[in-house]
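# Notes for the structure review
Chain by chain, the residues:
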Amino acid sequence: MTNTEVFAEVWRGDYLECQHRGTAVIVNDSGDIVEAWGDPNQIILPRSSLKPLQALPLVTSGAAERFNLNSTHLALACASHNGEQQHTKSVQDWLIALDLNDDVLRCGPQWPNHKATVDAMIKTDNSPCQYHNNCSGKHAGFLTLSKHLDAGPEYVDPAHPVQMAAKIAIEDICEEDIDGHAIDGCSAPNFALSLTALARGMAKMANHSLTKSMMLHPELVAGTGRACSEMMMAMSGKAAIKTGAEGVFIAILPEQKLGVALKIEDGATRASESAMAALLVRLGVADAAHPMIQKRLTPVQKNRAGLVTGQIKPADHLIT
């Protein structure tokens, strides 16, 4: 990647120990770039930050209405969840309502990203199922659309009607031809876009039912202790945010009708969280003093003895 800027700094005492570089762009719902850092035309794989756009055909096709999906379902369709009971029970119930089961999912099993849940599973000698996968809500949405379209079971195939519908919807809302795709961790195709196109698509999601569902159920979008959930709770409906692997993060600001997309060059989550928190503060939707914002904006670093050794902080140019 070229033409990136410093986004986050890691300090140990008075010494700058590490810097994370990245690219970010803020776009309005007319498609105009409001602000940019680095090269906003950079092509990236959005990874899980793409989920709100991947879920669009679930709503626009009429599948959500036909199968009586509510805001809980729509939030889960956009989620990278922890695999806590609040997530897995909802996905299981969703599959049962479709007369389907765990076997039809194609995301693969995954241990939950929640220590208490993992501990409970180990104590009862349980193994992870596919519904524990952080993407199982997205896949339940894919299965719902597939059933609505009367399509085949291999819904993650890039040539399947479900993925073709997602591709068309993403190109339409982002106003950009998809550059290509790679296979994501959950086996679904992940469509490559410019950072500007990704932000443009998110800006146009400002008043969408998927965005409203994410803000209504932030705990379902990620889970206990996670950045997406905690920062959305802190902002009380002022923004919907979604992380992606390898340092990608997006935000949707309904009142301002803005979309934000950023990518950290080295893929560091600690940097993407700090940088996104800084941009949310810059845009006036997050309070830098709120504990759940501060936790990501300027997290302290401690050693194993509990001593504070340093701090992560965003680059000054992101927040001022």
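Residues numbered from 1 in each chain as written. Predicted model: local features only at pLDDT ≥ 70, side-chain atom pairs only at ≥ 80, totals over all residues. Heavy atoms only, no water.

### Structural notes on the nonpolar core
Ranked by internal contacts, the top residues of the largest apolar core, which has 93 residues, are Leu53, Leu198, Ile241, Leu253, Leu262 and Leu280. In terms of residue count, helix α13 (residues 269–282) provides more of this core than any other element does, 8 residues in total. If near-sequence neighbours (up to four positions away) are discounted, leucine 198 is found in contact with Ile44, Pro46, Ser49, Leu50, Leu53, Cys174, Leu193, Ile250 and Ala261. (Core = buried A, V, L, I, M, F, W, Y, C linked by side-chain atoms within 4.5 Å. Buried < 20%, exposed > 50% of the residue type's maximum accessible area, 1.4 Å probe, protein only. Helix = DSSP H or I, 4+ residues; strand = E, 2+ residues; numbered from the N terminus. Contact = heavy atoms within 4.5 Å.)

### Re the pattern of salt bridges
Opposite charge on two side chains lets them pair, provided their charged atoms get close. Applying the stated criterion across every chain yields a total of 11 salt bridges. Across the salt bridge formed by glutamate 273 and arginine 296, the nearest N and O atoms sit 3.5 Å from each other. In this pair, glutamate 273 is assigned in helix α13 and arginine 296 in helix α14 (residues 291–297), connecting sequence segments 23 residues apart. Neither glutamate 273 nor arginine 296 differs from the other in exposure class; each is buried. Bridged by salt links that share partners, the residues Glu230, Glu273, Lys295 and Arg296 form one connected network. (Salt bridge = Lys/Arg side-chain N within 4 Å of Asp/Glu carboxyl O.)

### Concerning the environment of threonine 72
Turning to its location among the elements, threonine 72 is positioned in helix α4 (residues 71–77). Separated by 142 residues in the primary sequence, threonine 72 and methionine 214 have C-alpha atoms spaced 8.5 Å apart. Not counting chain neighbours up to four residues away, the residues in contact with threonine 72 comprise Ser90, His217 and Leu220.

### Description of the side chain of serine 194
Within the element layout of this structure, serine 194 appears in strand β6 (residues 189–194). Sequence-distant contacts of serine 194, that is, excluding residues within four places in its chain, are made with Pro40, Asn41, Gln42, Ile43 and Glu176.

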